[in-house]
Amino acid sequence: MSESSETNAYIEYGTKPFYAILLSLFLAGFAIFSSLYCVQPMMPFLARFFHVSATQSSFPLSFSTSALALGVLFAGIISDRYGRKNIMVIALFSTALLLLLSVAFPRWEVFLVTRLLVGLAVSGVASVAMTYIGEEIAQQDVGFAMGLYISGTAIGGMSGRLITGVMLDFTTWQMATLLIGAINVLIAFVFYLALPASKHFVAVRLSRDLMGKALRGTLADRQLRLLFLQGFILMGCFVSVFNYMSYHLLEQTWIGLISIAYLSGIYSSPRAAAWSRKYGRGRVIFYMLISMLIGLWVMRFETVGLILLGLVIFTFSFFAAH
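Calculation criteria
- Residues numbered from 1 in each chain as written.
- Predicted model: local features only at pLDDT ≥ 70, side-chain atom pairs only at ≥ 80, totals over all residues.
- Heavy atoms only, no water.
- Helix = DSSP H or I, 4+ residues; strand = E, 2+ residues; numbered from the N terminus.
- Rg over C-alpha atoms; globule rule 2.2 N^0.38 Å.
- Buried < 20%, exposed > 50% of the residue type's maximum accessible area, 1.4 Å probe, protein only.
- Contact = heavy atoms within 4.5 Å.
- Areas by Shrake-Rupley, 256 points an atom, 1.4 Å probe, with all protein chains shown as cover.
- Lys, Arg positive; Asp, Glu negative; His and termini not counted.
- Charge placed at Lys NZ, Arg CZ, Asp CG, Glu CD.
- pLDDT = per-residue confidence, 0-100.
- Phe/Tyr/Trp six-rings, centres within 6.5 Å; stacked < 30°, edge-to-face > 60°.
- Lys NZ or Arg CZ within 6 Å of the ring centre and 35° of its normal.
- Polar contact = N/O pair within 3.5 Å; in protein donor to acceptor, adjacent residues only side chain to side chain.
- Core = buried A, V, L, I, M, F, W, Y, C linked by side-chain atoms within 4.5 Å.
- Salt bridge = Lys/Arg side-chain N within 4 Å of Asp/Glu carboxyl O.

Chemist: Sorry if this is basic, but what is going on with the overall build of the chain here?
Modeler: Scanning the chain for helices and strands turns up 15 helices and zero strands. Taking 322 residues into account, the globule formula puts the C-alpha radius of gyration at 20 Å, and the chain, at 20 Å, falls close to it. Here the C-alpha coordinates of the chain stretch approximately 65 × 45 × 40 Å along the principal axes. A burial count over the chain gives 46% of its 322 residues as buried. For the chain, long-range pairs separated by at least 24 residues make up 82% of all intrachain contacts whose partners lie at least 6 apart in sequence. Carbon together with sulfur atoms contributes 68% to the accessible area of the chain, which is approximately 15800 Å² in total. Both charge centroids of the chain, one from 21 positive and one from 13 negative side chains, sit 5 Å from each other.

Chemist: Looking at this structure, how should I read the confidence of the model for the chain?
Modeler: Parts of the model with low pLDDT should not have their predicted coordinates read in detail. Confidence in the prediction for the chain averages 82 pLDDT; 91% of positions are at 70 or higher. Here residues 1-6 is a poorly scored stretch, pLDDT under 50, and it has one contact once near neighbours within four places are set aside; other chains count.

Chemist: Quick question: what am I supposed to make of the packing of aromatic side chains here?
Modeler: The relation between two aromatic rings is expressed through the spacing of the ring centres and the mutual angle of the planes. One pass over the full model with this rule turns up 19 aromatic pairs. With a centroid separation of 5.0 Å and an interplanar angle of 85°, the aromatic rings of F93 and F189 are classed as edge-to-face. Taken together, the positions of F93 in helix α6 (residues 84-101) and F189 in helix α10 (residues 173-194) put the pair 96 residues apart, joining distant regions of the chain. The class of F93 is partly exposed, set by a relative accessible area of 28%. Aromatic ring contacts, followed pair by pair, group F33, Y37, F238, F318 and F319 into a single cluster. Above the ring of F45, the side-chain terminus of R48 is found at 4.9 Å from the ring centroid. A cation over a ring is seen here: R300 above F301, with NZ or CZ 5.1 Å from the ring centre.

Chemist: Explanation requested: the side chain of T114 in the structure shown.
Modeler: By secondary structure assignment, the location of T114 is in helix α7 (residues 108-126). What makes T114 buried here is its relative accessible area of 7%. Here F111 takes part through its backbone oxygen, which lies 2.6 Å from a polar atom of the side chain of T114. Among all residues touching T114, those that are not within four sequence positions of it are L98 and S102.

Chemist: Got a minute to help me understand unusual backbone geometry in this structure?
Modeler: A negative phi angle is the norm for most residues apart from glycine, just as the trans form is the norm for most peptide bonds. Positive phi, normally seen in glycine, also occurs at H51, with a value near 60°. Following the sequence through the fold, H51 ends up in the loop between α3 (43-50) and α4 (54-57). Looking at H51, the relative accessible area reads 71%, which means it is exposed.

Chemist: Would you explain the nonpolar core in this entry?
Modeler: Proteins that are soluble and globular tend to have nonpolar side chains buried together. Counting residues in hydrophobic clusters, the biggest one holds 80 residues, and the most contacted among them are L25, M88 and V125. Among the elements that make up this core, the one with the highest residue count is helix α2 (residues 16-37) (twelve residues). Here M88 is in contact with L25, G124, V125, V128, A129, Y132, F191 and L195, once residues within four sequence places are set aside.

Chemist: Before we go on, may I ask you to explain the environment of A138 in this structure?
Modeler: With respect to the helices and strands, the residue A138 is situated in the loop between α8 (129-136) and α9 (142-167). A138 sits 115 residues away from L23 along the chain, and the two C-alpha atoms are 17 Å apart. Beyond its immediate sequence surroundings of up to four residues, A138 is in contact with Y10, I11 and E12.

Chemist: How should the pattern of salt bridges be read in this particular structure?
Modeler: A side chain of one charge can pair with a side chain of the opposite charge if their charged atoms are brought near each other. Going through the model one piece at a time under the given rule, you end up with one salt bridge. Its salt-bridge partner being E109, residue R107 comes within 3.6 Å of it at the nearest N-O pair.

Here it is, written out as structure tokens:
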């Protein structure tokens, strides 16, 4: 094999670059989801601090996820011009900086703006990471790498909730946010140093015509439209359930159960790759959606044990489908 072909070869399981990618993207997944969901346990505290209603206290997370949904439409296209790693590095540093800034000005409107910008920044990782994986990793190892990245998002979501949830018993929501921001700064540096540069990326010149054509071409694909609808259903249900649980379990002093449920998602993400190879991706998604409904039905009972069981089933199924 020539030196040129080795240089341009796709990265395979078991190699040092493969493990560097897994570490980097696992940490990136941790960073973006901890940044998004660290505010969820804070909702009752934000309501009291800013003198807003319970419904309004969900706005910081809703603003972030809405901005994320908008940002992913364009972040991937922008990365076509400026490179996958470059966009993800900028996104991670921006997210960390915005977390630190969000506590500097204790005004509700300012806090909401920073949360909106956090969602836009996070989209720079969420929409580009899997493209990077698809471009750089050997096809037979893509599913495993994506599963580990999703596991990172699960651990990030769990840790963001767990860290802030525990800290709120001893300190303020500002200090909890500052800690998450500091962790994200460290992750951004590690990501910048560890992630291998792209070898298969080819830059394209951006234009409004190109972006419009890309968007129209994507929306013209019926299967992709179904996937977008599934993403809307998955994230909509997931965020709604955990927003509600932040209040419901706080009243019962069982809010820590949310973090326990996340452990099931950490397991199911990489397992879903193996199930997809064996049974087919469409079948796995279908059964996981059904399983999410079963989890929701179990959670309707007021017994704490059944609520936990339903939450575990729901979370396990969500991350497998995701």
